[in-house]
Amino acid sequence: MSDTQTLIENRPPSVAALFLERVAATPDAEAYRYPVPPASGQGPDEWKSLTWAQAAERVFAIAAGLIELGVQPEQRVALACSTRVEWLLADLGIMCGGAATTTIYPQTNAEESAFILSDSESRVLIAENAAQLAKAREKRAELPELHHVVVIDAEGVDTGEDGWVLSLADLEARGAAHLEKHPELIKERVGAITRDQLATLIYTSGTTGRPKGVRLPHDNWAYMAKAITATGMVTGDDVQYLWLPLAHVFGKVLTSGQIEVGHVTAVDGRVDKIIENLPVVQPTYMASVPRIFEKVYNGVASKARAGGAAKYKIFQWAAGVAREYAKAAQDNFRRTGTPSVPFGLAAKHKVADALVYAKIREAFGGNLRACISGAAALAPEIGYFFAGAGIHILEGYGLTESSAASFVNPAEAYRTGTVGKPLPGTEVRIADDGEILLRGPGIMDGYHGQPEKTAEVLEADGWFHTGDIGELSPDGYLRITDRKKDLIKTSGGKYVAPAEVEGQFKGICPYVSNILVHGTDRNFCTALIALDEPSILEWAEENGLGGRSYADVVAAPATVELIEGYVKELNEGLQRWQTIKKFRLLPRDLDVEHGEITPSLKLKRPVVEREYRHLIDEMYAGTLEA
C-alpha cells in the first residue's frame, strides 16, 4: 500500500477528531487571523490571532453550550453568517458537539431561509446579527422545531423574555459552565461520532427551483482533509486568505484541509476589502472564483488604458507575452518535465515582468504561491495571462454533492483549461453521452428527504452523475466542456457549448462582466452581455460619455460599437454555427439580489432568459423561425 493510500484509508471518522489531534499537536501555533475594525470607524483594521488552543477553548464552549440547550447528535444547527472567524468556530463547535451544520447564505431572503430551516428541521440558528435574526422572527410561527436563535453580533439586539434569543457570548458562558461540571464531555461526544453520521447539510443554491439539501457525513470531510494533504498542495508553512462564502461547499472544504495541515488562515469575507487585505495578509495561497480574476484582469487593463495610448500598448504587448510564455512553459513541461521556454521569449518575458507583472504580484501580497479556482469555469485566456504573470491559478472541480474537491491541478504540472486530476481515492469515468461520473469517499449520502431525486443522480454502486460534460486526457487531466442541461442544440442540429463561447469572450473583452449565449432550437446564436461597471464608466469618461449613468452608457451607440468589435474578434475563432450573430447589452449588471446569479457567482440561465425574454425575442424578430 502506498503512503497516499495509507494516509487516506487510515483517516479518523471525523474532522472533529482531526481538530482534537491538531490542538494536541500544536496548541500554541497560530490557527486563525481575523480583522477588528477600529473603534472610531476610521483607519485600517487591526488583525488579531487565535492559537489552536485559544480556538479550541471557544469551540468547546460553543459545543457544550449547544449540548446544554438540548442539541443531540445529528440534529441540525443552522448558520446564517458571512465569512468570519466566528463562522469557523461555530461550525467546529457544532461538529464537536456531534450535531450537523445547516448552512444559509446571509443574502438569502426570509422565505427561503425559513424553507431551509424548516426542511432541515434545525433546532438552533446561529445568526450573524439583527438582520439575520429578523428573518427568523418574521417566520417564527412556521418554525416549530427552531428552539433558539444565537446572535453573534448581539449589541442592540432585543433578546426578549422567553429565552428564544441569546447571544453567542451567553452561549459560550453557558457552555464553559457546563464543561466545568463535565470536563470530558467534548472528548466523549467526538469519540462517539461515526463515519456515516451527518456532519453538514448544504442547500444547493441551484440554478432552478427550490434548493435541495445535500447530506454530507463526517467521513466526507475527513477524507477531504487527508486527500488534500496527499496532493501536497498545501503545507504547514502556508498562510491562506479565506474570503469565500463558507455557506458554499468550496469555502467549507478549505477548512478541513487547514485543520489537517495546521497552517494559518486569515479570514475575512468582505469582498470589498480583498484588494486592501492582500498586501496586509500576504497569503501564500488563496482560493477564489473566476469572477474575481476577471475583475482583476479588467481592472489592470482599465488602469493601463487610463495611463494613455503608450501605456495601454505596453500592457497589451505584455498580456500577449504572458499568454505565449505560459502556453510554451506548460507545453514543455508536458513533454520534458521542465517549464523551459525559448531564449527570445524568456527575454521578452523578463522585460514585461519588470514593466507589468511584478506590480500585479505585489497587488496580491507578493508571496502568492498559487491560487485555487473553482465553482465555475475560468476563461483559459485569463488563466494563461495570470500564469505568465507569475500568479499560478490551479483550477479544480467538484460539486456540493462531491464535497467540493474532486479534481485539482497538480502544482508543478498544472494545465490551464483543465481542472486537473482526480484527488487520491476518487474514481472518474466518462459516460457514453460525455457526462462525468464520480465515485469515492467524497460523494454525498443523498438529498435530504428526497430519495427519488437521490436515485436520479446516485447509482446503487456509488457512481454519481454530475450533469457536467467533459473529456479526459490519456494521462488523466479532465476538461469540462459544459453542463449537460446547458448544451445548446440549434435548429440546424448543431451542438454549442455556451460556457466555452462565453469563456472565450471573457478572455477577449476586458469590459465584460457576464455573458449568456442563447440559441436552443434557433437557427443562430445570440448573446446577452452585461458590462463591468467600473471598467466601462472609465472608458466612457475617456470617450465623451463622462457623467452618464451605467444604463445610459451601455445604451450609447459608441458603446455598442465598442463591444461589437470584440464580438467580431470572438467570431473569428469560432465555428460558423457557434458565432454570435446578434447581441444586446443589458441595462444593468446581473446580481445575486435579483436572483440572476447564485451566491457562488454562477449564472442562473433560466432566470436571465426569463427576465430578458423581450431582448432575446427582439434579436430573432423577422427571422424565419420567429
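Residues numbered from 1 in each chain as written. Predicted model: local features only at pLDDT ≥ 70, side-chain atom pairs only at ≥ 80, totals over all residues. Heavy atoms only, no water.

**Student:** Quick rundown of the sheet that holds strand β9 (residues 213–217)? Include the residues and the values.
**Tutor:** Taken in spatial order, the 8 strands make up an open sheet running β7-β6-β5-β3-β4-β8-β9-β19, and their pairing is mixed. Two strands bound the open sheet, and with one partner strand each, they are β7 (165–167) and β19 (446–447). Sheet topology places strand β3 (residues 76–80) next to strand β5 (residues 124–127); 4 bridges connect them, and they run parallel. The partner of A80 across the bridge, within β5, is A127. Across the sheet, helix α5 (residues 110–120) lies against β3, β4 (100–104), β5 and β8 (198–203), angled at about 165° from β4, the strand it touches most. (Pairing = 2+ DSSP bridges. Helix = DSSP H or I, 4+ residues; strand = E, 2+ residues; numbered from the N terminus. Contact = heavy atoms within 4.5 Å. Axes fitted to C-alpha atoms, helices over the stretch in contact; angles between N-to-C directions.)

**Student:** Kindly report on the side chain of K506, identifying the contributing residues and their values.
**Tutor:** As for its position among the elements, K506 is in helix α17 (residues 498–508). Assessed through its relative accessible area of 17%, K506 is described here as buried. Residues in contact with K506, not counting those within four places in the same chain, are E294, A379, I382, V512, S513 and I515. (Buried < 20%, exposed > 50% of the residue type's maximum accessible area, 1.4 Å probe, protein only.)

**Student:** For the nonpolar core, give the residues involved together with the corresponding values.
**Tutor:** Judged by nonpolar contacts, the single largest core of 166 residues is most densely connected at F386, F505, I529 and I563. Not counting residues up to four positions away in its chain, the partners in contact with I563 are F505, C509, Y511, I529, L531, F583 and L585. Core analysis: the second largest hydrophobic core is formed by 18 residues, A78, A136, L146 and V151 among them. (Core = buried A, V, L, I, M, F, W, Y, C linked by side-chain atoms within 4.5 Å.)

**Student:** Residue-level account of the sheet that holds strand β25 (residues 525–531), with values.
**Tutor:** Strand pairing in a sheet takes place through backbone hydrogen bonds and is either antiparallel or parallel in direction. Pairing in this open sheet of 3 strands is mixed, and the strands run β24-β25-β26 from one edge to the other. Only two strands of the sheet have a single neighbouring strand rather than two, namely β24 (512–518) and β26 (580–585). Direction aside, neighbouring strands of the sheet carry axes that sit 25° apart on average. Pairing geometry for β24 and β25, over 6 bridges, is antiparallel. Within β25, the residue paired with V512 across the bridge is L531. Those strands touched by α17 are β24, β25 and β26, and its axis lies near 150° from that of β24.

**Student:** Can you explain unusual backbone geometry? Please cite residues and give values.
**Tutor:** Peptide bonds are mostly trans, and most non-glycine residues show a negative phi. At E121, a residue that is not glycine, the phi angle is positive and equals roughly 55°. Its place among the elements puts E121 in the loop between α5 and β5. Not every positive phi belongs to a glycine, and S403 is a case in point at roughly 60°. Inspection of the secondary structure puts S403 in the loop between β14 (393–397) and β15 (407–408). Taking the relative accessible area as the measure of exposure, S403 reaches 0% and is therefore buried.

**Student:** An account of the packing of aromatic side chains is needed here, citing residue identities and associated values.
**Tutor:** In total, this model carries 14 aromatic pairs according to the counting rule given. Ring centres 5.6 Å apart and planes at 55° place the aromatic pair Y32 and W52 in the tilted group. Here the residue Y32 occupies a position in strand β1 (residues 30–36), and W52 occupies one in helix α3 (residues 52–68), the gap between them amounting to 20 residues. Considered together, Y32 and W52 belong to a single accessibility category, that of buried residues. Above the face of the W221 ring, K252 is positioned so that its terminal group lies 5.1 Å from the ring centre. Against the face of Y477 rests R415, its NZ or CZ located 3.7 Å from the ring centre. (Phe/Tyr/Trp six-rings, centres within 6.5 Å; stacked < 30°, edge-to-face > 60°. Lys NZ or Arg CZ within 6 Å of the ring centre and 35° of its normal.)

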